[in-house]
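Letter by letter, the chains look like this.
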Amino acid sequence: DDLERVAAAGKMAHAGAAAIEAVLPGAEPDAARELALRAARLYETAPADLVGAERLYQRVLESDAENIDALGALEALYRSAGPPASAHLASILERRAGIELDPQARRKRLGEAARLHEQRGDVAAAIGAWQTLRAAEEGDAEALGELARLFEAAGHAGAHLPTHQE
């Protein structure tokens, strides 16, 4: 805590982040995750070192794949990066949807991920995101409609779509 305050106040956030990062290999796993999150936030301060921040958020996810702080931070980071990061953003949205308890939030994240995949030309990934939503919410009209549209566009009309008997 003190290192973070001093580093931020003295406009030495990156030096503080680097100091914290240096002790991560010897830290106990839970402490290492918390320290990595703190260092990543320091890396995000102006002038931002987004590569350093991303590296540490990914490190947290390696040991805790459902860490909501790291997932949320990466989502924000990738949103701010714009279209070049859309594949990464879509991946994070899918991961967040996988742990989301609120069906509406899950639907929103998967729908956005599917649209991002499709915008990038990755129709298979878009179909995968819509199928994930359909599996969680079987009667979702938007998911069924988007799947039908994507399968038809890909020349697989009716493939993998549920019938009313399912």
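Residues numbered from 1 in each chain as written. Predicted model: local features only at pLDDT ≥ 70, side-chain atom pairs only at ≥ 80, totals over all residues. Heavy atoms only, no water.

A.B. asks: Which residues make up the overall build of the chain, and what values do they have?
C.D. replies: When helices and strands are tallied, the chain shows nine helices and zero strands. Reading the chain from its N terminus to its C terminus gives the helix and strand order α-α-α-α-α-α-α-α-α. In the chain, which comprises 166 residues, the share counted as buried stands at 35%. Intrachain contacts of the chain at a sequence separation of at least 6 include 38% that bridge at least 24 residues. Accessible area of the chain: about 9,200 Å², with a carbon and sulfur share of 55%. (Helix = DSSP H or I, 4+ residues; strand = E, 2+ residues; numbered from the N terminus. Buried < 20%, exposed > 50% of the residue type's maximum accessible area, 1.4 Å probe, protein only. Contact = heavy atoms within 4.5 Å. Areas by Shrake-Rupley, 256 points an atom, 1.4 Å probe, with all protein chains shown as cover.)

A.B. asks: Pulling in residues and values, what's your account of the confidence of the model for the chain?
C.D. replies: For the chain, per-residue confidence averages 88 on the pLDDT scale, and residues scoring 70 or more make up 87% of the total. Here residues 161-166 is modelled with pLDDT under 50, and outside its nearest four sequence neighbours on either side it reaches eight contacts, counting other chains as well. (pLDDT = per-residue confidence, 0-100.)

A.B. asks: Quick one: what's the story with the packing of helix H6 (residues 86-99) against helix H7 (residues 103-119), residue by residue and with numbers?
C.D. replies: Their axes nearest at 8 Å, the elements H6 and H7 cross at an angle of 155 degrees. One element, H6, and the other, H7, form an angle in the roughly antiparallel class. H7 is crossed by H6, and the crossing has left-handed handedness. Contacts between H6 and H7 involve Ser86, Leu89, Ala90, Leu93, Glu94, Arg96 and Ala97 on the former and, on the latter, Arg106, Arg109, Leu110, Glu112, Ala113, Leu116 and His117. Taken together, the residues that form the contact of H6 with H7 break down as seven nonpolar, two polar and five charged. (Axes fitted to C-alpha atoms, helices over the stretch in contact; angles between N-to-C directions. Parallel < 35°, antiparallel > 145°, perpendicular 65-115°, else oblique. Left-handed = near helix turned anticlockwise from the far one by under 90°. Nonpolar A, V, L, I, M, F, W, Y, C, P; charged D, E, K, R; others polar.)

A.B. asks: Account for helix H4 (residues 50-63), naming residues and giving values.
C.D. replies: For H4, built from 14 residues, the straight-helix expectation of 20 Å at 1.5 Å per residue is met to within 8% by its first-to-last C-alpha distance of 20 Å. Taken together, the buried positions of H4 are occupied by Gly52, Ala53, Leu56, Tyr57, Val60 and Leu61. Here the buried face of H4 lies against helix H2 (13-23), helix H3 (29-43), helix H5 (68-81) and H6. (Expected span 1.5 Å × (residues − 1).)

A.B. asks: How would you sum up the nonpolar core? Please name residues and give values.
C.D. replies: Ala53, Leu56, Tyr57, Ala70, Leu74 and Tyr78 are the most contacted members of the largest nonpolar core, which totals 29 residues. For this core, the elements supplying multiple residues, two or more each, are H2, H3, H4, H5, H6 and H7. Here this core gets seven residues from one element, more than from any other, and that element is H3. The residues contacting Tyr78, other than those within four sequence positions of it, are Glu54, Gln58, Ala85, His88, Leu89 and Ile92. Grouped together as the second largest cluster of nonpolar side chains are 12 residues, Ala126, Ala129, Ala143 and Phe151 included. (Core = buried A, V, L, I, M, F, W, Y, C linked by side-chain atoms within 4.5 Å.)

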